[in-house]
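Okay, here's what each chain looks like letter by letter:
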Amino acid sequence: MARVVVIGGGIAGTAAALALHKAGHQPVVHEAHPDTGEDIGAFMTLASNGMRALAGFDAARAVAGVGFEVTGMSVLDATGVELAAVPLGESDRPLARYRCLRRAELGAVLQTEVDRRGIALRHAARLTSVTETDSAVTAHFADGSTATGDLLVGADGLHSTVRTWLDPSGPGPEYAGQRVFYGYSTAAPPPASGPDLITMVRGSEVAFGYLVSPAGQTFWFARVPGPPVDADDRARTTPAQWRDRLEPLLRPDRTPCADIVAGTGDDLLVTNALHLPSGTRWRSRRVVLIGDAAHAASPATGQGASMALEDALVLAKALRDAPTLDTALARYEHHRRPRTEQNIATSARLTASRPPTGSRSQDAAPPRDSERPANQPDEQLVRLLDWDTPLPEAAHDA
Ligand SMILES: Cc1cc2nc3c(=O)[nH]c(=O)nc-3n(C[C@H](O)[C@H](O)[C@H](O)COP(=O)(O)OP(=O)(O)OC[C@H]3O[C@@H](n4cnc5c(N)ncnc54)[C@H](O)[C@@H]3O)c2cc1C
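Read on for a plain summary of the structure. (Residues numbered from 1 in each chain as written. Predicted model: local features only at pLDDT ≥ 70, side-chain atom pairs only at ≥ 80, totals over all residues. Heavy atoms only, no water.)

### Brief notes about the sheet that holds strand E15 (residues 207–212)
- Strand order in the open sheet formed by seven strands is E6-E5-E14-E15-E16-E13-E17, and the pairing between neighbours is mixed. Two strands lie at the open edges of the sheet, namely strand E6 (82–87) and strand E17 (264–275), each paired on one side alone. Neighbour-to-neighbour, the strand axes of this sheet turn through a mean angle of 15°, independent of strand direction.
- Note that strand E13 (residues 174–185) and E17 share eight bridges and pair antiparallel. Bridge assignment links Tyr-182 to a residue of E17, and that residue is Leu-269.
- Helix H7 (residues 239–250) rests against E13, E15, strand E16 (218–225) and E17 of the sheet, and its axis sits at about 75° to E17.
- Against the sheet, helix H11 (residues 325–352) engages E13, E16 and E17, with an angle of about 75° to E13. (Pairing = 2+ DSSP bridges. Helix = DSSP H or I, 4+ residues; strand = E, 2+ residues; numbered from the N terminus. Axes fitted to C-alpha atoms, helices over the stretch in contact; angles between N-to-C directions. Contact = heavy atoms within 4.5 Å.)

Put into structure tokens, the structure is as follows:
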């Protein structure tokens, strides 16, 4: 049994704790936030691969208790014409269906699950530095405390302190070229949309998506190309002002998007789409990165959380199956790096491309990748995410 110091109690950190605990290890999670309160109220979709990863460490049922299912996707053009309607993910497997939920809800469910299984989670523990020897690794926290283990898992997100320690001259997060608006509209009449459906709209200026919850609330996002929102702008601008800036970009289209935005109150936020360039160092002898700390992608593919959950499961399987720590970490990276870097590249491509502007031939084109994600896990991925299937060895294992 290894003592594992997990830095970060977000999605990746709590998931890793659950998976490592299942594999017989002893994780302790150290989270900088003073309480369980989450940051922003953005929502997210968890894809079928993320739900499968959760099932691997017995947390899918708990997560299926929050948010709502999404089983299909409709794609509209700027004139409101439906270009495609496709099933989404593994809609025939209830526990592997896509889900829409708030980020905070997912975090809260995973933290509750960590508590329920008796795994220690310490709040107000902000990592400041790491020391590593041949036999142990020690985390140093801002309050002067330390934690020592056999392995340290850096799950401390996009602005990771662990990554900076591992790779001081490595690249940091970069702006991916879009502002992303998120909102919840109750005032607007729910747009005509089937139950359990996400509607993606190829607007003339903005890529827009919306879902109507079972309670009749419209969850929406808009990806708007342009310069990043700077700190001053963010501090000065109210939700109503953001709404007034976004709505005119949507109004020329004959879609429900402008009305959805117009019907949104203060429940609206704006973020910059950021990503981490590929090629960062992921590990040393006793330290390894997972989740956004290792491979943050801009949100266009909607896979960040699902990738973090996959990481957690694969890391636990690698530690369970490999003969040494070094081999386990090498196997983990071997299985995770190509897939996560492909997600970064796909998301960056989608983020950089302007929405099509309405010629008939473009409008008739099939959905782009973001609108039709690789939503059916292939057989290799199914095996990778199955707890009982041993993790294949990496080529350089031997
Ligand atoms: C607005 C928005 C919308 C998104 N939508 C989607 C979506 O629809 N689908 C999807 O799959 N993904 C989505 N994502 C991406 C997804 O949220 C991330 O990929 C996911 O949260 C990554 O999880 P993580 O645990 O690696 O990082 P985080 O969730 O950022 O967690 C990192 C944790 O580490 C803690 N921490 C940081 N520094 C320290 C430190 N020094 N010491 C101790 N603790 C520390 C933080 O407080 C935090 O709790 C979205 C992201 C954003 C920002």
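### Description of helix H1 (residues 11–22)
- Helix length check: H1, at 12 residues, gives a terminal C-alpha distance of 17 Å against a target of 16 Å (1.5 Å per residue), a fit within 8%.
- Counting buried positions along H1 yields 10 of 12 residues, so the element is predominantly enclosed.
- All buried positions along H1 are accounted for by Ile-11, Ala-12, Gly-13, Thr-14, Ala-15, Ala-16, Ala-17, Leu-18, Ala-19 and Leu-20.
- Note on H1: the residue one or two positions beyond its end, Gly-24, has a positive phi of about 95°. (Expected span 1.5 Å × (residues − 1). Buried < 20%, exposed > 50% of the residue type's maximum accessible area, 1.4 Å probe, protein only.)

### Overview of the site of the ligand
- Taken together, 29 residues are adjacent to the ligand, and Ala-12, Glu-31, Arg-103, Asp-292 and Ala-305 come closest.
- Here Glu-31 contributes a side-chain N or O atom positioned 2.6 Å from an oxygen atom of the ligand.
- In the environment of the ligand, a nitrogen atom lies 3.1 Å from a nitrogen or oxygen atom belonging to the backbone of Ala-32.
- Relative to its unbound accessible area of 990 Å², the ligand is 86% covered by the protein chains.
- Elements that contribute at least two residues to the shell around the ligand include exactly H1, strand E3 (43–46) and helix H10 (304–321). (Near = heavy atom within 4 Å. Polar contact = N/O pair within 3.5 Å; in protein donor to acceptor, adjacent residues only side chain to side chain. Areas by Shrake-Rupley, 256 points an atom, 1.4 Å probe, with all protein chains shown as cover.)

### Re unusual backbone geometry
- For Asp-58, which is not glycine, the phi torsion reads 65° and is therefore positive.
- Structurally, Asp-58 can be placed in the loop between helix H2 (48–56) and helix H3 (60–63).
- Its identity as a non-glycine residue notwithstanding, Ala-124 has a phi of 55°, on the positive side.
- Along the chain, Ala-124 falls in the loop between strand E8 (120–122) and strand E9 (127–132).
- On the basis of relative accessible area, Ala-124 is assigned to the partly exposed category, the value being 43%.

### What about the sheet that holds E9?
- The antiparallel open sheet is built from three strands, whose spatial order is E9-E10-E11. The outermost strands of the open sheet, each flanked by one partner alone, are E9 and strand E11 (146–149). Taking the axes of each pair of neighbouring strands and ignoring which way they run, one obtains an average angle of 20° across the sheet.

### Regarding H2
- Counting buried positions along H2 gives eight out of nine residues, so the element sits mostly inside the fold.
- Phi turns positive, to about 65°, at Asp-58, one or two residues after H2.

### A few points about the pairing of strand E2 (residues 26–30)
- As defined by bridge partners, strand E1 (residues 3–7) adjoins E2 across five bridges and the pair is classed as parallel. Residue pairing for E2: Val-5 is matched across the bridge by Val-28.
- Sheet analysis places E2 next to E8, joined by three bridges and oriented parallel. Residue pairing across strands places Val-28 opposite Ala-120, the latter belonging to E8.

### Considerations on the nonpolar core
- Ranked by internal contacts, the top residues of the largest apolar core, which has 71 residues, are Leu-46, Leu-54, Phe-57, Val-63, Leu-152, Val-153 and Leu-309.
- The contact partners of Val-153, leaving out residues within four places of it in the chain, are Val-4, Val-5, Val-6, Ile-7, Leu-20, Val-288, Ile-290 and Leu-315.
- Phe-43, Ala-47, Val-75 and Tyr-184 belong to the second-largest nonpolar core, a separate cluster that totals 22 residues. (Core = buried A, V, L, I, M, F, W, Y, C linked by side-chain atoms within 4.5 Å.)

### A few points about the side chain of Glu-31
- With respect to the secondary-structure elements, Glu-31 resides in the loop between E2 and E3.
- In this structure Glu-31 is buried but unpaired, with Arg-126 as the nearest side chain of opposite charge at 6.5 Å.
- Reaching out from Glu-31, the side chain makes a polar contact with the backbone nitrogen of Gly-9 at a distance of 2.6 Å.
- Apart from the residues lying within four places of it in its own chain, the contact partners of Glu-31 are Gly-8, Gly-9, Gly-10, Leu-121, Arg-122, His-123, Ala-124 and Ala-125. (Lys, Arg positive; Asp, Glu negative; His and termini not counted. Salt bridge = Lys/Arg side-chain N within 4 Å of Asp/Glu carboxyl O.)

### Brief notes about the packing of H1 against H10
- Packing of H1 against H10 brings their axes to within 8 Å, and their N-to-C directions diverge by 30°. Relative to H10, H1 is oriented roughly parallel. In this structure, H1 crosses over H10, and the sense of that crossing is right-handed. Here H1 contributes Ile-11, Ala-12, Ala-15, Ala-16, Ala-19 and Leu-20 to the contact with H10, which in turn contributes Ala-305, Ala-308, Leu-309, Ala-312, Leu-313, Ala-316 and Leu-319.
- Its residues assigned to classes, the contact of H1 with H10 comprises 13 nonpolar, no polar and no charged. (Parallel < 35°, antiparallel > 145°, perpendicular 65-115°, else oblique. Left-handed = near helix turned anticlockwise from the far one by under 90°. Nonpolar A, V, L, I, M, F, W, Y, C, P; charged D, E, K, R; others polar.)

Interpretation note: all reported values are geometric properties and have no functional meaning in isolation.
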